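An overview of the molecular structure
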Amino acid sequence: MTFGDSVVTCYSKYEIFSGRAPRSEYWFFILFSGGCGILAIVADNVLHTNFQNKIFGLFYVFVSVANFLPSISVAVRRLHDLNRSGWWFWLALIPLVGSIILLTWFCLRGTAGENRFGQDPLLENPEALHTSPNSGGTLSARSSFSPDLPDQIERLAKLRADGALSEEEFRN
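Reference entry: report on the structure contained in this document. Everything numeric in this text was worked out from a predicted model, so none of it was measured. (Residues numbered from 1 in each chain as written. Predicted model: local features only at pLDDT ≥ 70, side-chain atom pairs only at ≥ 80, totals over all residues. Heavy atoms only, no water.)

**Things to note about the side chain of Asp-44**
- Structurally, Asp-44 can be placed in helix H2 (residues 23-46).
- Salt bridges are absent for the buried Asp-44, whose nearest opposite-charge side chain, Lys-54, sits at 13 Å.
- At 2.6 Å, the side chain of Asp-44 and the side chain of Thr-49 are in polar contact.
- Separated by 3.0 Å, the side chain of Asp-44 and the backbone nitrogen of Tyr-60 make a polar contact. (Helix = DSSP H or I, 4+ residues; strand = E, 2+ residues; numbered from the N terminus. Buried < 20%, exposed > 50% of the residue type's maximum accessible area, 1.4 Å probe, protein only. Lys, Arg positive; Asp, Glu negative; His and termini not counted. Salt bridge = Lys/Arg side-chain N within 4 Å of Asp/Glu carboxyl O. Polar contact = N/O pair within 3.5 Å; in protein donor to acceptor, adjacent residues only side chain to side chain.)

Now the structure itself:
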């Protein structure tokens, strides 16, 4: 998922707490939110819209309110990608320890394949499989899709079992 796709997805799914979000969707949105927060603080200080000797002001409050719900929903979907309930997000209320645990989890790779919260968001990506011009029209896995070969073989085996690949395409 690209940076722009992530931002659009998070704002369009701000009220959706079901499903899964890959690492790229979560971290790109966090990067975008943080950047907007910094720009809002700069704007508040340049335009003198700060609240009584505070570093933040009206612009920062607007950005914070706009990003509040999308940030929570993408965090819950990210936890779902790890096959954890969204209720684990409450760990954020435990000072320091809760944030460290969540940060660690958010950095982990999501569950490969389907879990109780839905399909693997990486497999739903239409770019996950492509037709190579040199392969005579057969499907092949992109080398950048999964860094380790066993996961690629497992995914291709699942596609073969589902009938999306023939035995010959699987062997090639």
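On we go from here.
**A look at H2**
- The end-to-end C-alpha separation of H2 is 34 Å, in line with the 34 Å expected for 24 residues at 1.5 Å each.
- Of all the positions in H2, only Glu-25, Tyr-26, Phe-29, Ser-33, Gly-37, Ala-40 and Asp-44 are classed as buried.
- Tucked into the core, H2 has its buried residues touching helix H1 (3-12), helix H3 (58-81) and helix H4 (97-107). (Expected span 1.5 Å × (residues − 1). Contact = heavy atoms within 4.5 Å.)

**A few points about H1**
- All of the buried residues in H1 are Ser-6, Val-7, Thr-9 and Cys-10. End-on, the buried residues of H1 take up no more than an arc of 165°, which puts them together on one face.
- Next to the buried residues of H1 lie H2 and H3. (Arc of directions from axis to C-beta.)

**Re the packing of aromatic side chains**
- Considering all chains together, one arrives at 10 aromatic pairs under this definition.
- Following the ring pairs from residue to residue traces out a cluster consisting of Phe-3, Tyr-11, Phe-28, Phe-29 and Phe-32.
- A cation sits over an aromatic face here: Arg-84 above Trp-105, 3.8 Å from the ring centre. (Phe/Tyr/Trp six-rings, centres within 6.5 Å; stacked < 30°, edge-to-face > 60°. Lys NZ or Arg CZ within 6 Å of the ring centre and 35° of its normal.)

**Quick word on the packing of H2 against H3**
- Look at H2 against H3: their axes get within 9 Å of each other, and the N-to-C directions meet at 170°. Judged on the interaxial angle alone, H3 and H2 are roughly antiparallel. From H2, Arg-23, Glu-25, Tyr-26, Phe-29, Ser-33, Cys-36, Gly-37, Ala-40, Ile-41, Ala-43 and Asp-44 reach across to H3, where they touch Leu-58, Phe-59, Tyr-60, Val-63, Asn-67, Pro-70, Ser-71, Val-74, Ala-75, Arg-77 and Arg-78.
- Counted by class, the contact of H2 with H3 contains 13 nonpolar, four polar and five charged residues. (Axes fitted to C-alpha atoms, helices over the stretch in contact; angles between N-to-C directions. Parallel < 35°, antiparallel > 145°, perpendicular 65-115°, else oblique. Nonpolar A, V, L, I, M, F, W, Y, C, P; charged D, E, K, R; others polar.)

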